[in-house]
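For reference, the chains in residue letters:
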Amino acid sequence: MGERVVLVDRPEPGVAVITLNRPAARNAVGWQTWEELGPAVAGVAADDSCRAVVLTGSGGSFCAGGDVKSSPSRGTGIGAPAARLLVGQRVLEDLLRLPKPVLAAVEGPAMGIGWSLALACDVVVAARDAVFGAPFVLRGLVPDGGAAWFLTRALGRQRASALLLTGGRMTAAEAAAAGLVGQLAEPGAALADAVAMAAAMARGPAEALRLTKGMVRAAHDLPLERFLEVEWLSATLDITGPDAAEGRASFVEKREPDFSAVRDSPL
């Protein structure tokens, strides 16, 4: 392994930015990327001073997909040919389970597994000239990184099939209209806009944010009657905690809430 290809920095209090840093390869994901991204995600998950996370890429690209110039194989067992995918799936699951808001800041292409990484985030902030693509079949491959799951649930079977079976692309505007992008940014400003949003979240109520994130995830998987149970449990947990107490006090006192006093409480 040479220089690090995943960087972590803290541009604002409470905000961690994880950067895929292979600009010459448009941040294509190889073995080293997964082996560094996994610990980076685990690190921000365990750091109580980190309240929100931004995932981005360097050099004007988010991620060009899997690194087709390197082998995805490792070992000799039945899973050896797709061993890199298994490692990537574990990192994606860890990203999905992060108990704090995760934003993707997308400039340029987000292709293949790169699009999957963006879709695993809670909010996608994309430059207006960004492009999203699922070119798997064009390379004789099946969708990976959960792409078929994410896109089918977001777009429905017909639209997902049209995209995945042709290896199609979507502009940032098209992705936003389809509900796959939460906020559009001017070209070159996706990271700054995502960091600003993450900083606002980091100043907010950590426990309420965590519970809200869990409710949004549950809404995908549960029928309404089961979801309402999750809602009740989440409300019960939240209303007895410091976030709700500060929210009530600030309303009564006619001031802006200040959650800094309760940020040291564990997530």
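The model shown is predicted, which means the values in this text are computed figures rather than measured ones.

(A) Molecular detail of the overall build of the chain. Across its full length, the chain holds ten helices and nine strands. Principal-axis analysis of the C-alpha atoms gives the chain an extent of 60 × 45 × 40 Å. The buried share of the chain, reckoned over its 267 residues, is 45%. Restricting to contacts in the chain with at least 6 residues of sequence separation, those with at least 24 account for 69%. About 13,400 Å² of surface is accessible on the chain, with carbon and sulfur atoms providing 59% of the total.

(B) Layout of the sheet that holds strand S7 (residues 131-133). Across the sheet, which stays open at both edges, the three strands sit in the order S5-S7-S8 with mixed pairing between neighbours. Each end of this open sheet is capped by a strand with a single partner; those strands are strand S5 (109-111) and strand S8 (169-171). Across this sheet, the average inter-strand angle for adjacent strands is 15°, counted without regard to direction. As paired elements, S5 and S7 share three bridges and run parallel to each other. Bridge assignment links Ala110 to a residue of S7, and that residue is Phe132.

(C) View of the nonpolar core. Counting 50 residues, the largest nonpolar core has Leu37, Val106, Leu117 and Phe132 as its most contacted members. In terms of nonpolar packing, the next biggest core, distinct from the first, is built from 16 residues, Val15, Ala52, Val125 and Val195 among them.

(D) Expanded view of the layout of surface pockets. Approximately 680 Å³ is the volume found for the largest pocket. Forming the walls of the largest pocket are 25 residues, and the residues nearest its centre are Cys121, Asp122, Val216, Arg217 and His220. Looking at the lining of the largest pocket, the elements with two or more residues in it are strand S6 (123-127), helix H4 (147-155) and helix H8 (206-221). Sorting elements by how many residues they give to the lining of the largest pocket places H8 first, with seven residues. For the lining of the largest pocket, a count of residues per class yields 15 nonpolar, four polar and six charged. Here the second largest pocket is characterised by a volume of approximately 420 Å³. In this structure, the second largest pocket is lined by 19 residues; those nearest its centre are Gly66, Pro72, Arg84, Leu141 and Asp144. Tallied by class, the residues present in the lining of the second largest pocket amount to eleven nonpolar, four polar and four charged.

(E) Spotlight on the sheet that holds strand S2 (residues 15-20). Taken in spatial order, the six strands make up an open sheet running S1-S2-S3-S4-S6-S9, and their pairing is mixed. If you trace the sheet from one side to the other, it starts and ends with strand S1 (6-12) and strand S9 (183-185), each paired once. Taking the axes of each pair of neighbouring strands and ignoring which way they run, one obtains an average angle of 25° across the sheet. With four bridges connecting them, strand S4 (residues 102-106) and S6 associate as parallel partners. By the bridge assignment, Ala105 is partnered in S6 with Val125.

(F) Quick look at the pattern of salt bridges. This structure, assessed with the given rule, holds eleven salt bridges. Two residues, Arg4 and Glu36, come together in a salt bridge whose shortest N-O distance is 3.8 Å. Taken together, the residues span a long stretch of sequence, with Arg4 in the segment before S1 and Glu36 in helix H1 (residues 31-46) at a distance of 32 residues. The class for Arg4 is exposed, based on a relative accessible area of 53%. Overall, Glu36 belongs to the buried group, its relative accessible area being 4%. Close ionic contact of Arg10 with Asp47 constitutes a salt bridge, the shortest N to O distance being 2.7 Å. You can see Arg10 sitting in strand S1 and its partner Asp47 sitting in the loop between H1 and strand S3 (52-57), a full 37 residues away along the chain.

Here is what the cut-offs are and how they apply
Residues numbered from 1 in each chain as written. Predicted model: local features only at pLDDT ≥ 70, side-chain atom pairs only at ≥ 80, totals over all residues. Heavy atoms only, no water. Helix = DSSP H or I, 4+ residues; strand = E, 2+ residues; numbered from the N terminus. Buried < 20%, exposed > 50% of the residue type's maximum accessible area, 1.4 Å probe, protein only. Contact = heavy atoms within 4.5 Å. Areas by Shrake-Rupley, 256 points an atom, 1.4 Å probe, with all protein chains shown as cover. Pairing = 2+ DSSP bridges. Axes fitted to C-alpha atoms, helices over the stretch in contact; angles between N-to-C directions. Core = buried A, V, L, I, M, F, W, Y, C linked by side-chain atoms within 4.5 Å. 1 Å grid on protein atoms, 1.4 Å probe; cavity = no way out; pocket = protein on both sides within 12 Å on 5 of 7 lines; lining within 4 Å. Points joined across faces, edges and corners; volume = space filled by probe spheres on them. Nonpolar A, V, L, I, M, F, W, Y, C, P; charged D, E, K, R; others polar. Salt bridge = Lys/Arg side-chain N within 4 Å of Asp/Glu carboxyl O.

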